[in-house]
Amino acid sequence: PPELSILNNCSPSQLEGLCSFLQLSSCPEPSLVRFCSWLLALSPDLSYTSAAILAEQLFLRRVLSLTQPPSRHLMAALTSFCSKYSHPFCRVLVAAVLQEPGEGAEQTKLMCELVEECLEPHSVQLVLSQALEVPLSEKLLPVLQAVLGRQVRGTPCPTGFLGASSSAGARIPLSYLLLGLFQEVLPPELLDLLVLTLCQQAPAFATSLNFAKLVTAVLTVYQSQVR
């Protein structure tokens, strides 16, 4: 709708006031899905600040209050919003979930699903950096495992990469070539921080199966970088 162009002309305080007036934080979930579809069609795109405010107004209360898996409407709205504004979404919502006291089982499952299925690579890295800023807990371990699940161990370019053939003239499988093009790897500084955190926290998680799985995943995915 043309009326949504007002979202690009509001100051942060005006946008917060508009969201409050429209009661976006408590609107019916089918309406939430429709509103998010309108946001995707909005041109020009929302600014980072505006997208962050809308992420908070649309989703924060709903996600933090989850006591059972999110409805299909809520998941559709989250997926839609994250498809275009995943970075401001993570900056606002993921940080709040990670810092929320208590186990937050449903919130953790939701974060894992978003990491595995929805977020762009740079947003996945943001989730990891945010997770490493709070004290490590059993609640965080599945999120870290989901992040590692997005990573593909770096593969050196094989001989004859440019010609797509080996020195013996045999063709290299296309899947092998594509692996190097579509891999997701963590920046060295973020990997170092993850490894340091795991080393420092190992005594406190000596009996944790999830911690052991996470360490195994790190060693498997980054075996050439971790010594």
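Residues numbered from 1 in each chain as written. Predicted model: local features only at pLDDT ≥ 70, side-chain atom pairs only at ≥ 80, totals over all residues. Heavy atoms only, no water.

**So, the overall build of the protein chain**
A tally of regular secondary structure across the protein chain gives ten helices and zero strands. If you list the helices and strands of the protein chain from N to C, you get α-α-α-α-α-α-α-α-α-α. Per-residue burial for the protein chain yields a buried fraction of 42% across its 227 residues. A separation threshold of at least 6 residues defines the contact pool for the protein chain, and within that pool the share at least 24 residues apart is 76%. Of the roughly 12200 Å² that the protein chain leaves accessible, carbon and sulfur atoms contribute 58%. (Helix = DSSP H or I, 4+ residues; strand = E, 2+ residues; numbered from the N terminus. Buried < 20%, exposed > 50% of the residue type's maximum accessible area, 1.4 Å probe, protein only. Contact = heavy atoms within 4.5 Å. Areas by Shrake-Rupley, 256 points an atom, 1.4 Å probe, with all protein chains shown as cover.)

**Notes on the nonpolar core**
Counting 70 residues, the largest nonpolar core has L54, L58, F59, F81 and F89 as the members making the most contacts within it. For this core, the element with the highest residue contribution is helix α4 (residues 72–99), accounting for 14 residues. For F89, the contacting residues outside a window of four places in its chain are A55, F59, L78, F81, C82, V94 and L114. (Core = buried A, V, L, I, M, F, W, Y, C linked by side-chain atoms within 4.5 Å.)

**As for helix α2 (residues 29–41)**
Under the 1.5 Å per step criterion, the end-to-end length of α2 is 19 Å for 13 residues, consistent within 8% with the ideal 18 Å. Looking at the buried side of α2, the elements it contacts are α3 (48–64) and α4. (Expected span 1.5 Å × (residues − 1).)

**Brief notes about the pattern of salt bridges**
The full count for this structure, using the stated rule, is two salt bridges. The shortest N-O distance in the salt bridge between D45 and K84 comes to 2.8 Å. You can see D45 sitting in the loop between α2 and α3 and its partner K84 sitting in helix α4, a full 39 residues away along the chain. (Salt bridge = Lys/Arg side-chain N within 4 Å of Asp/Glu carboxyl O.)

**Digging into the packing of aromatic side chains**
Following the criterion strictly, the structure yields five aromatic pairs and no others. Here the aromatic rings of F81 and Y85 are separated by 5.6 Å at their centres, their planes lie at 45°, and the arrangement is tilted. On the criterion of helical spacing, the pair formed by F81 and Y85 is a turn pair, its members being four residues apart in helix α4. Residue F81 is classed as buried on the basis of its relative accessible area, which comes to 1%. Centroid distance F205 to F211: 5.2 Å. Interplanar angle 10°. Geometry classified as stacked. Neither F205 nor F211 differs from the other in exposure class; each is buried. Grouped by ring-pair contacts, the aromatic residues F59, F81, Y85 and F89 constitute a single cluster. (Phe/Tyr/Trp six-rings, centres within 6.5 Å; stacked < 30°, edge-to-face > 60°.)

**Quick word on the confidence of the model for the protein chain**
Interpretation of the predicted coordinates at a detailed level should be avoided for regions scoring low in pLDDT. Looking at the protein chain as a whole, its pLDDT mean stands at 84, while 85% of the residues score no less than 70. Within the protein chain, the lowest mean pLDDT, 38, falls on helix α8 (residues 174–182), and the highest, 95, falls on α3. Low confidence marks residues 153–182, where pLDDT is under 50. Its contacts with residues over four positions away, or in another chain, come to 29 contacts. (pLDDT = per-residue confidence, 0-100.)

**Topic: the environment of L194**
Looking at where L194 falls in the secondary structure, it is placed in helix α9 (residues 188–201). With a relative accessible area of 0%, L194 lands in the buried category. Each C-alpha atom of the pair L194 and S129 lies 8.7 Å from the other, and the pair is 65 residues apart in sequence. Those residues in contact with L194 that lie beyond four places of it in its chain are L128, L132, L148, L186 and V218.

**What about α3?**
Given a rise of 1.5 Å per residue, 17 residues ought to cover 24 Å, and the 22 Å separating the end C-alpha atoms of α3 matches this to within 8%. Maximal helix bending in α3 amounts to about 35°, located at L58. When you tally the buried positions in α3, you get twelve out of 17 residues, the bulk of the element. Looking at α3, one finds that the buried residues are S50, A51, A52, I53, L54, A55, Q57, L58, F59, L60, R62 and V63. Those residues of α3 that are buried lie in contact with α1 (12–22), α2, α4 and α5 (105–117). (Bend = angle between axes of the 7 residues up to and from the residue.)

**Looking at unusual backbone geometry**
The omega angle of the peptide bond from S43 to P44 is 0°, so this bond is cis rather than trans. Turning to its location among the elements, P44 is positioned in the loop between α2 and α3.

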